[in-house]
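# A closer look at the structure
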Amino acid sequence: MSIIDVMVLGFLAERPQHGYELRRKIEQLYGHTRRISDGTLYPATDRLERNGYVVKESEPGRGRAGRHTLTLTDAGRAHLLEAIRTADDHDITDASRFYVILTFLSLLPDRADQHAVLRRRLEFLETPASFFYDGDRPVRAEEVADPYRRGLLLTARATSAAERAWIREEIDS
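Residues numbered from 1 in each chain as written. Predicted model: local features only at pLDDT ≥ 70, side-chain atom pairs only at ≥ 80, totals over all residues. Heavy atoms only, no water.

## Looking at the overall build of the protein
The helix and strand inventory of the protein stands at eight helices and five strands. Going from the N terminus to the C terminus, the protein shows its helices and strands as α-β-α-α-β-β-α-α-α-α-β-β-α. Against the 2.2 N^0.38 benchmark of 16 Å for 173 residues, the protein shows a C-alpha radius of gyration of 19 Å, more extended than a compact globule. Among the 173 residues that make up the protein, the fraction classed as buried is 36%. For the protein, the exposed area adds up to about 10300 Å²; of that, 51% sits on carbon and sulfur atoms. Once the 26 positive and 28 negative side-chain charges of the protein are each reduced to a mean point, those two points are 5 Å apart. (Helix = DSSP H or I, 4+ residues; strand = E, 2+ residues; numbered from the N terminus. Rg over C-alpha atoms; globule rule 2.2 N^0.38 Å. Buried < 20%, exposed > 50% of the residue type's maximum accessible area, 1.4 Å probe, protein only. Areas by Shrake-Rupley, 256 points an atom, 1.4 Å probe, with all protein chains shown as cover. Lys, Arg positive; Asp, Glu negative; His and termini not counted. Charge placed at Lys NZ, Arg CZ, Asp CG, Glu CD.)

Pasting the structure below:
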């Protein structure tokens, strides 16, 4: 499932909404890194409707164009929960995509399923990595002379440490 689909279904899990509201919420969550156009959102909602995951109800609008309210179906909720429950690969390793999964993680009713997702993210964060490598060896900030690259590595290290600490705390609670 695309990350756009996850956001559409996730926000509709909160309540039925108009496409404009959805786009605004998606842009607030994800648009700071990737713009969400009508050409992205509306084909996604049409596809979700064809698959039976959302129901679109029309109501009169201004001028010729009507407004559509989208409502999540039971099948849509089940599809969303499965996507969150099984999130891995880029949904775990890409920070923006993971933040989307994290936004809707509380929709999973089973804490064990929630923690399984967090454990996959923690495993990724605990794997040594860098933006720069010496052969196959990750380069540490202390080895970098360039102050901007060192700053990038130090910021990433601090962010990763804070996220790992939060995940451990959440799992242990």
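## Description of helix H2 (residues 19–30)
For H2, spanning twelve residues, the distance from its first C-alpha to its last is 16 Å, which sits close to the expected 16 Å at 1.5 Å a residue. Gly19, Glu21, Leu22, Lys25, Ile26, Glu27 and Tyr30 are the residues of H2 that are buried. In this structure, the buried residues of H2 make contact with helix H1 (3–14), strand E1 (17–18), helix H3 (38–50), strand E3 (67–72) and helix H6 (95–104). (Expected span 1.5 Å × (residues − 1). Contact = heavy atoms within 4.5 Å.)

## Considerations on the packing of aromatic side chains
When we look at a pair of aromatic rings, we describe it by the centre distance and by the angle of the planes. For the structure on display, the rule yields two aromatic pairs. Taken together, a centroid distance of 5.1 Å and an interplanar angle of 85° make the contact between Phe11 and Phe104 edge-to-face. A residue pair is termed long-range when its members are at least 10 positions apart, and Phe11 in helix H1 and Phe104 in helix H6 qualify at 93 residues. (Phe/Tyr/Trp six-rings, centres within 6.5 Å; stacked < 30°, edge-to-face > 60°.)

## Here's the deal with the pattern of salt bridges
Within the structure shown, the criterion is met by 16 salt bridges. For Lys56, the salt bridge identified is with Glu49, shortest N-O distance 3.5 Å. Note that Glu142 is salt-bridged to Arg157, the shortest N-O span being 2.8 Å. Pair noted here: Glu142 is in the loop between strand E5 (137–138) and helix H8 (147–172) and Arg157 is in helix H8, with a separation of 15 residues, a long-range link. Each of the salt bridges in this network shares a partner with another, and the network as a whole consists of Asp46, Glu49 and Lys56. (Salt bridge = Lys/Arg side-chain N within 4 Å of Asp/Glu carboxyl O.)

## Describing H3
With 13 residues, H3 should reach 18 Å at 1.5 Å per residue; the first-to-last C-alpha distance of 18 Å fits that figure. Those residues of H3 not exposed but buried are Leu41, Ala44, Thr45 and Leu48. Buried positions in H3, seen along its axis, are confined to an arc of 95° and lie on one side of it. In H3, the exposed residues that point more than 90 degrees away from the buried face are Gly39 and Arg50. (Arc of directions from axis to C-beta.)

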